[in-house]
There are 2 protein chains.
Amino acid sequence: MKCIINGQIQDSSQVSLPINDLAILRGYGIFDFFRLSSGIPLFIDDHLERFYQSAQIARLELIHSKDELKDLIYQLIEINHMPISGIRMVLTGGTGAGAYAIGKSNLIVTQEPIIFPSEEMFAQGVKLITHEYLRDIPHVKTINYMTGIWLQNQIKEAGAFDVLYHHQGLVHELTRSNIFIVNNTGELLTPANQVLHGITRKQLINGLKEEMEVVVTDVPIGVLNSAREVFITGTTKKVLPVNQIDNMHYSIGSVTKRIQEVFSDLEKAYLQNH
Amino acid sequence: MKCIINGQIQDSSQVSLPINDLAILRGYGIFDFFRLSSGIPLFIDDHLERFYQSAQIARLELIHSKDELKDLIYQLIEINHMPISGIRMVLTGGTGAGAYAIGKSNLIVTQEPIIFPSEEMFAQGVKLITHEYLRDIPHVKTINYMTGIWLQNQIKEAGAFDVLYHHQGLVHELTRSNIFIVNNTGELLTPANQVLHGITRKQLINGLKEEMEVVVTDVPIGVLNSAREVFITGTTKKVLPVNQIDNMHYSIGSVTKRIQEVFSDLEKAYLQNH
């Protein structure tokens with residue numbers, strides 16, 4: 001498998017980072033991840049846009065323009081021949097002074113196999129547990145997954161799929177997905193603030209415009225008690241129904257099913273046009 | 001310069017980590033850091049003890065026993081000849097499944113130059129700013145410094161030395177130091193919970209036992225308004241006075257000066273006995 005390191009296409013097995021990179025010493029870096037569907041990088045411009053925004057906010061320098069990086073990624077896709085896969089772009093803090101200052105970033109782009117939730121999960125939904133936590137710099141896709149990975153045992157013990165973060169009474173996001181909630185009056189809500197603005201989330205908010213309103217707002221955790229439907233969205237999760245959060249149960253209703261169709265249509269339309 | 005990687009002593013320039021290590025992909029890892037004074041690793045047993053505890057809590061496996069690692073570190077110290085320096089032990093999440101599961105950890109031990117605060121800072125104190133934040137898994141020395149590094153511009157703009165974290169009305173710790181406060185009745189307080197248990201902090205709490213009581217307790221942020229003295233402690237900060245937090249000013253009083261002496265004596269006593 002080939003990858004890109006600082007603009008050069010290389011064998012993945014030969015790629016490594018110096019141990020004094022700030023990603024390793026201090027967990028400082030950003031990334032983005034998108035998938036190939038039928039060999040086509042889905043919503044690549046959205047992901048590149050977010051990646052460059054994350055870099056800017058985290059004060060990490062990218063030596064390539066968005067178009068240059070896109071060209072390199074298309075070259076990588078052609079070389080690797082992996083029509084169903086994920087592309088991960090990582091930008092590290094680099095090697096700076098005193099093991100604490102930001103240095104010259106390393107950019108690494110890898111292609112990897114992708115694991116989707118099972119057909120059963122898409123049909124019947126998954127269970128979540130909750131945890132009080134707010135990600136560092138939540139609007140940035142940082143590499144900090146300390147809490148999410150640390151909670152994996154707790155998630156497994158609860159027989160859950162993942163963890164839903166809430167903070168100061170508001171629902172935020174999952175470790176790697178956004179949440180949507182149909183409340184007890186039938187409104188479709190998704191948290192507005194202190195969440196990563198997921199690309200699947202963005203595509204759905206736009207794509208649903210003519211059919212139904214997505215209310216992007218602060219969501220008090222109490223809304224979950226009387227919610228009718230809950231689903232999560234993400235690059236590998238697509239539109240994944242939730243049937244349980246802690247001890248609250250949800251059915252997989254007509255809104256979730258319709259939105260699964262809408263997203264499937266958005267993906268098909270993208271593939272036809274690219 | 002030599003370093004240790006997974007038990008082997010190697011040239012630092014030849015050491016690197018595979019790009020799919022969980023430290024790089026997800027910022028998942030722990031570390032510890034101690035300094036050499038006159039070539040002697042200060043409080044090394046305390047640091048090793050904490051490093052192994054951090055590993056256990058983070059569910060990372062160490063293949064060496066504490067004594068084996070200590071032997072290796074003494075070999076490294078002898079080879080590198082750097083009597084004033086820092087030793088950094090990093091244990092990474094390793095390479096696991098799906099870029100998210102914990103794998104076989106990489107252990108890297110490096111020796112590096114050390115930067116102390118200036119004589120002026122030790123005499124006149126430093127300025128801090130405050131920020132609402134709680135570290136992930138605060139009792140573990142994780143590699144996650146996303147927020148601290150991200151705030152460096154804000155710290156610089158304020159002309160400050162570092163940032164003091166508080167959360168839900170309680171004072172916790174700085175990015176890389178613990179805080180001690182002499183309150184308005186002369187009691188010496190240090191936060192008890194959701195902080196890293198610093199080794200300098202531990203040495204002082206023990207070392208001061210016969211001379212004065214350190215009250216290890218929850219510290220409401222309001223205590224700072226009427227505090228008489230404030231200082232911070234850490235491996236490179238030793239006992240560093242604070243003269244300002246946001247707009248509150250503090251003098252460098254007799255308690256801080258006495259504790260600087262006490263710590264200096266503790267260090268001297270350690271060096272004489274090791």
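Rules used in this analysis
Residues numbered from 1 in each chain as written. Chains lettered and ligands numbered in written order. Predicted model: local features only at pLDDT ≥ 70, side-chain atom pairs only at ≥ 80, totals over all residues. Heavy atoms only, no water. Pairing = 2+ DSSP bridges. Helix = DSSP H or I, 4+ residues; strand = E, 2+ residues; numbered from the N terminus. Buried < 20%, exposed > 50% of the residue type's maximum accessible area, 1.4 Å probe, protein only. Lys, Arg positive; Asp, Glu negative; His and termini not counted. Salt bridge = Lys/Arg side-chain N within 4 Å of Asp/Glu carboxyl O. Polar contact = N/O pair within 3.5 Å; in protein donor to acceptor, adjacent residues only side chain to side chain. Contact = heavy atoms within 4.5 Å. Domains from an automatic or database assignment. Buried area = accessible area lost by both parts, 1.4 Å probe. Nonpolar A, V, L, I, M, F, W, Y, C, P; charged D, E, K, R; others polar.

All names here are of chain A. Taken in spatial order, the six strands line up as β2-β1-β7-β6-β4-β5 in an open sheet, and their pairing is antiparallel. The strands lining the two open edges of the sheet, one partner per strand, are β2 (8–11) and β5 (40–41). Looking at chain direction, strand β6 (residues 85–92) and strand β7 (residues 107–112) are connected through six bridges and run antiparallel. Paired with I87 across the strands is Q111, a residue of β7.

Residues and elements named next belong to chain B. Tracing the backbone shows E229 in strand β14 (residues 229–234). Within the buried core, E229 has no salt-bridge partner, and the shortest N-O distance to an opposite charge, that of R228, equals 7.2 Å. A distance of 3.4 Å separates a polar atom in the side chain of E229 from the backbone nitrogen of S254. A polar contact of 2.6 Å, which involves the side chain of E229, links it to the side chain of T256. Among residues more than four places away in sequence, those in contact with E229 are F180, I181, V182, S251, G253, S254, V255 and T256.

Before going further, it helps to spend a moment on the domain arrangement of chain A. All names here are of chain A. Taken domain by domain, chain A holds domain 1 (2–112) and domain 2 (119–273). Taking only C-alpha atoms, the centre of domain 1 and the centre of domain 2 are 26 Å apart. At the junction of the two partners, domain 1 supplies 22 residues and domain 2 supplies 20 residues. Summed over both sides, the interface between domain 1 and domain 2 buries roughly 2,000 Å², with carbon and sulfur atoms accounting for 67% of that surface. Area buried by domain 1 at its contact with domain 2 is led by R35, F43 and R50, which between them contribute 34% of it. Run the count over domain 1 and domain 2 and you get two salt bridges. Note that D46 is salt-bridged to K202, the shortest N-O span being 2.9 Å. Our count for the contact surface shared by domain 1 and domain 2 stands at 11 residue pairs in polar contact (both at pLDDT 80 or more). Breaking the side of domain 1 that touches domain 2 down by element, the ones donating at least two residues are β4 (29–37), β5 and α2 (44–57). Considering each element in turn, the side of domain 1 that touches domain 2 owes the most residues, eight residues, to β4. Looking at the side of domain 1 that touches domain 2 residue by residue, the class counts come to 12 nonpolar, six polar and four charged.

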